[in-house]
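# Observations on the three-dimensional arrangement
The primary structure of each chain is shown beneath.
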Amino acid sequence: MSNNKTSSNGSAKDSIENIQSNFEKQGYICNTHIATAIFLSQSLGKPILVEGPPGVGKTELAKATAEWMEKPLIRLQCYEGLDEAKALYEWKYGKQLLYTQVLKDKLNQIVSKSDSLESSIDNLNNFDDIFFSEKFLEPRPLLKAIESENGSVLLIDEIDKSDDEFEAFLLEILSDYQVSIPEIGTVKGKIKPIVFLTSNNTREIGDALKRRCLHLYIPFPDPFLEEKIISSRVPEIDKNLKVQLVNFVQGLRNLDLKKLPSVSETIDWARSLVLLNVKTLEPSLVRETLNILLKFQTDIDVSDPEIENLIEKSKK
Amino acid sequence: MVDFLRDFIHILRSSDLRISTSESIDAMNIVSEIGLEDKSLLKHSLSFSLAKTLREKEIFSECFDNFFEENYMNLKEGKLPQKIKEKNTEINDLDKLGDIKNNLEELYKNSDKTSLMTAMALAARGANLQDIKLFTQVGMFTRKIFDEMGLEKLNNDIFQASREGNIKREEELKNIRENLRLEIRDYVENQVKLRTSYSGKQLREDALSQMRLTQADKSDYKIMSGIIRKMARRLISVHSRRKRKSQRGLLDIRSTIRKNQEYDGILFETIWKKTRVDRPKIVALCDVSGSVANVSRFFLMFLHSLTEIIPNVRTFAFSNKAGEVTDLFESKDIEVAAAETLLLHGGGSTDYGQAFVDLEGLLENNIDRKTTVIILGDARSNYGDPRCDVLKTIQEKSKRILFLNPEPISVWGSGDSEMQRFIPYCSKSKVCNSLNNLENFVDDMIRSSI
């Protein structure tokens, strides 16, 4: 028994490392923490709720997973007022109307064939079924993900922006991976999609939804990881500059700012510094390009007096 | 393994984490996927299913470290896999416990700390240590566990030794007994720390939210502002949903027709008008003189924690002159702001008449039929003119006046209290002297103003 245990642990560890190295190949650098979450969600068949400050790569994680598993990524962006018709399925009303118009003559024929009112209603009833068949069904992201033949990666982005009602509606789909359409019946997928939900925590997510998910919190990366991310995304950057830049941004995150600079903004800044052919950080240059990192004038004002200090520290 | 996870989850629950059955099943599955070898891997794997907010993750991490520091040795030494193999764990445990009972002396003399710990854990289960609630129970549980481990036999041996006159053996056994007792006590104290830190806090919080605010001690402020935050969060989650629902209005026929042109004018999709939600305006006037300062302090903190659902709050504080403190609360942390308010405006002798005049002057025309005016104070005006005429103009301009008085109804109007003269101008006047009262009042107010 204990031997078995060790070997299965070994393979779990291997798979986690495997995931990590695969992600790395695609340029998504992550720590074991994140890779473990992906591994567990796969092996337990559970959705992952990813939380964290904006710009730490929550959406990227889903993209990287899709690419690694070679499955299509289906993305559903949430917003206030999102409802079933836009998330799950909708009838193609226009097409239905058009068809009834075009087929008017045909319908007349059929109705005229029957002699009593009852039989013509019966005849029409049959058509009803035709008009409410899959031909006239417009699948939206959720249905697409469930129906897809070879499985898929479903990304429900910024779930915190949607209404409570929509969250409740997701519960059935996330626990059973099935959808009931009254006119057709229950649609159940062959392969469970891998589901990511992301949230920026603009509002508390309901307990019921959280219970059904594994919860992964991605914080800002530590300097070591951030350096790795930069060298993967901006390979042409000078090594010295990279260290300085990462240290500078990390120092900036310790200040009392409205919006802290995210990883994606660090990458943007690194790219622009490379374009400007910079070899080392200078106060005047940092002041000119600071608006790439900081998006609020108040934040820029707060950090302005600290710039020399931060640069000094980052060079150590 | 099941036992350990169960114990661990029990501890997490008693530390204020809500863990559902389905989440514990997930945790089980995770453990069987990951195994127990790698402690840090196990830690963050379990955190995916057992801790679902940042705050919970912190608590989880602390509990995990405490719990596994103690139990990880046992886990590693293969005690667990064995247990899974032998399905009759219960019988197995009992047998072992029997062994311990008979050989307590040898166990203490011969074996290392780990097996002693194991024995204690086993006995602790027999003594239902997981039910321990309070620190004062330590003695009782120590004794219970000692009993489970075979105190009786040890006592008998000591008794026999003393009867035989074997003083050396008697001393030795007594030493063992004392040392064991200390070990067990340490163990129980550790467990209490692990399990009761939260339930003790819970008791304290319950007591504080019912306590009369005028009696609140400075040392309780921190816990109380925590309670206020909790209450505010609860109210926000309840009322933000209500608001959204009441926003949908009548059918908007014009836009519905326009939208449905693409369907040949057949009305498939309905467009609804949006009703404009009247943003309630709230003006609060708080007495911050000595006698009611505490109530005002917490009331102000409460109001300003609710900006998400009542954005238009203006607050004024007075003892003899009224001044606006809204900016203070908007620019600073609420606790700091509350303290500063008391410093700035407290200390004078109360004059309600002057306060009403000042309030009317400060508000000028910023008071209309949407404004709810809340007055908090004991209505004791030191025999000054209460200026009911000014209160009447405020009442006429505003939607309503609510009066909160921390004193019990029986003394309203006694001595220099002008309460009976104020009541006619207020739509509601209530006693309010504990955090629970405050919460109920604010809940009521929001319900009737959104």
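Residues numbered from 1 in each chain as written. Chains lettered and ligands numbered in written order. Predicted model: local features only at pLDDT ≥ 70, side-chain atom pairs only at ≥ 80, totals over all residues. Heavy atoms only, no water.

### Describing the side chain of Glu51(A)
The criterion, for reference: By the criteria applied, helices consist of DSSP H or I runs no shorter than four residues and strands consist of E runs no shorter than two, each listed in order from the N terminus. Relative accessible area decides the class of each residue, using a 1.4 Å probe on protein chains only: under 20% of the type maximum gives buried, over 50% gives exposed, and in between gives partly exposed. His is not counted, nor are the chain ends, whereas Lys and Arg count as positive and Asp and Glu as negative. Throughout this description, the term salt bridge denotes a Lys or Arg side-chain nitrogen within 4 Å of a carboxyl oxygen of Asp or Glu. Contact definition: two residues touch when any of their heavy atoms are within 4.5 Å.
Summarising the element assignment, Glu51(A) is placed in strand S1 (residues 48-51). No salt bridge is formed by the buried Glu51(A); the nearest opposite charge belongs to Lys210(A), separated by 4.8 Å. Apart from residues no more than four positions distant in its own chain, Glu51(A) is found in contact with Lys58(A), Ser199(A), Asn201(A), Ile205(A), His215(A), Leu216(A), Tyr217(A), Ile218(A) and Lys52(B).

### Let's talk about the packing of aromatic side chains
The condition is simple: Ring pairs shown here join Phe, Tyr and Trp side chains whose ring centres sit within 6.5 Å, with only the six-membered ring taken for Trp; geometry is labelled stacked below 30 degrees between planes, edge-to-face above 60, and tilted in between. We call a charge positioned above a ring when the Lys NZ or Arg CZ atom is no farther than 6 Å from the ring centre and deviates by at most 35 degrees from the ring normal.
One pass over the full model with this rule turns up 16 aromatic pairs over all chains. The interplanar angle of 65° and the centroid separation of 6.2 Å between the aromatic rings of Tyr352(B) and Phe356(B) together place this pair among those described as edge-to-face. Pair noted here: Tyr352(B) and Phe356(B) are both in helix H16 (residues 352-363), with a separation of four residues, about one helical turn. Under the relative-accessibility criterion, Phe356(B) is labelled buried at 0%. Three or more aromatic residues link up through ring pairs in this structure, and these residues are Phe318(B), Tyr352(B), Phe356(B), Phe403(B) and Phe422(B). Cation over ring: Arg253(A) sits above Phe220(A), and NZ or CZ is 4.3 Å from the ring centre. Its end group placed over the ring of Phe141(B), Lys144(B) keeps NZ or CZ at 5.2 Å from the ring centre.

### With respect to the pattern of salt bridges
Counted by the stated rule, this structure contains 36 salt bridges over all chains. With a shortest N-O distance of 3.0 Å, Glu265(A) and Lys259(A) are connected by a salt bridge. Across the pair Arg185(B) and Glu189(B) runs a salt bridge, and its minimum N-O distance is 3.5 Å. Pair noted here: Arg185(B) and Glu189(B) are both in helix H10 (residues 167-210), with a separation of four residues, about one helical turn. Bridged by salt links that share partners, the residues Glu60(A), Lys63(A) and Arg233(A) form one connected network.

### Some thoughts on the sheet that holds strand S9 (residues 214-217) of chain A
Residue and element names in this part refer to chain A. Applicable threshold: Think of it this way: DSSP has to see at least two bridges between two strands before they count as a pair. Under this scheme, a helix contributes an axis fitted over its contacting stretch, all axes are lines through C-alpha atoms, and angles between N-to-C directions fall in the 0 to 180 degree range.
As summarised here, the arrangement of the five strands in space is S2-S5-S8-S1-S9, forming an open sheet in which the pairing is parallel. The sheet is open, and its two edges are formed by strand S2 (73-77) and S9, each paired on a single side. Going across the sheet, the axis of each strand differs from the next one's by a mean of 20°, ignoring polarity. Along the sheet, helix H2 (residues 32-44) makes contact with S1, strand S8 (194-199) and S9, crossing S9 at roughly 165°.

### Considerations on the interface of chain B and chain A
Stated formally: The term polar contact refers here to a pair of N or O atoms within 3.5 Å; inside protein, the definition further demands a hydrogen-donor-capable atom paired with an acceptor-capable atom, and it admits residues adjacent in sequence only when both atoms are side-chain atoms. Each residue is assigned to one class: nonpolar for Ala, Val, Leu, Ile, Met, Phe, Trp, Tyr, Cys and Pro, charged for Asp, Glu, Lys and Arg, and polar for all the others, Gly among them.
Contacts between chain B and chain A engage 34 residues on the former and 34 residues on the latter. Where chain B packs against chain A, one counts three salt bridges. Our count for the chain B to chain A interface comes out at nine residue pairs in polar contact (both at pLDDT 80 or more). Those elements giving two or more residues to the side of chain B that touches chain A turn out to be helix H2 (21-34), helix H3 (39-50), helix H4 (54-85) and helix H11 (221-246) of chain B. Counting residues per element, the side of chain B that touches chain A draws most heavily on H2(B), which supplies eight residues. Here the side of chain B that touches chain A is composed, by residue class, of 11 nonpolar, 10 polar and 13 charged.

### Observations regarding the nonpolar core
The test is simple: Side-chain atoms within 4.5 Å are what join buried Ala, Val, Leu, Ile, Met, Phe, Trp, Tyr and Cys residues into a set we call a nonpolar core.
With 62 residues, the main nonpolar core has Leu61(A), Phe196(A), Leu216(A), Phe248(A), Leu252(A), Trp269(A) and Leu290(A) as its most contacted residues. Counting residues per element, this core draws most heavily on H2(A), at seven residues. For Phe196(A), the residues in contact, after removing those within four places along its chain, are Ile38(A), Ile48(A), Val50(A), Leu61(A), Ala62(A), Thr65(A), Val153(A), Leu154(A), Leu155(A) and Ile156(A). With 46 residues, the next largest nonpolar core counts Phe299(B), Leu303(B), Val313(B) and Ile374(B) among its residues.

### Side note on the environment of Leu281(A)
All names here are of chain A. By secondary structure assignment, the location of Leu281 is in the loop between helix H13 (263-275) and helix H14 (283-293). Given the relative accessible area of 0%, Leu281 is considered buried. C-alpha separation for the pair Leu281 and Glu118, spaced 163 residues apart in sequence, amounts to 85 Å.

### Things to note about unusual backbone geometry
Here Glu158(A), not a glycine, exhibits a phi torsion of approximately 55°, which is positive. Following the sequence through the fold, Glu158(A) ends up in the loop between strand S5 (153-157) and helix H9 (164-176). Even without being a glycine, Asn382(B) presents a positive backbone phi close to 55°. Counting through the fold element by element, Asn382(B) comes out in the loop between strand S6 (371-376) and helix H17 (388-397). Its relative accessible area of 40% is what places Asn382(B) among the partly exposed residues.

### Quick word on the sheet that holds S6(B)
Backbone-to-backbone hydrogen bonds pair the strands of a sheet. The strands run either parallel or antiparallel. Residue and element names in this part refer to chain B. Strand order in the open sheet formed by six strands is S5-S4-S3-S6-S7-S8, and the pairing between neighbours is mixed. Only two strands of the sheet have a single partner each, and these edge strands are strand S5 (322-324) and strand S8 (428-431). On average, adjacent strands in this sheet sit at an angle of 20° to one another, irrespective of strand direction. In this structure, strand S4 (residues 312-318) lies alongside S5, joined through three bridges in antiparallel fashion.

### Quick look at the domain arrangement of chain A
Under the convention used in this document: Where each domain begins and ends is defined by an automated method or by a domain database.
When its domains are assigned, chain A resolves into domain 1 (2-80 + 149-217), domain 2 (89-137) and domain 3 (223-314). For domain 2 of chain A and domain 3 of chain A, the distance between their C-alpha centres works out to 64 Å.

### Here we look at the pairing of S6(B)
Residue and element names in this part refer to chain B. What counts, and what does not: When the strands point away from the viewer, a crossover counts as right-handed if the path from the first strand over the helix to the second runs clockwise.
Taking burial as the measure, the six residues of S6 include six buried ones, the bulk of the element. On S6, burial covers both faces: Thr371, Val373 and Ile375 on one face and Thr372, Ile374 and Leu376 on the other are all buried. As paired elements, strand S3 (residues 281-287) and S6 share six bridges and run parallel to each other. Note on S6: the bridge partner recorded for Val283 is Val373. Bridge count between S6 and strand S7 (residues 400-405): five bridges; the pairing is parallel. Bridge pairing in S7 places Ile375 opposite Phe403. Where the polypeptide runs from S6 across H17 and back to S7, its parallel neighbour, the crossover connection is right-handed.

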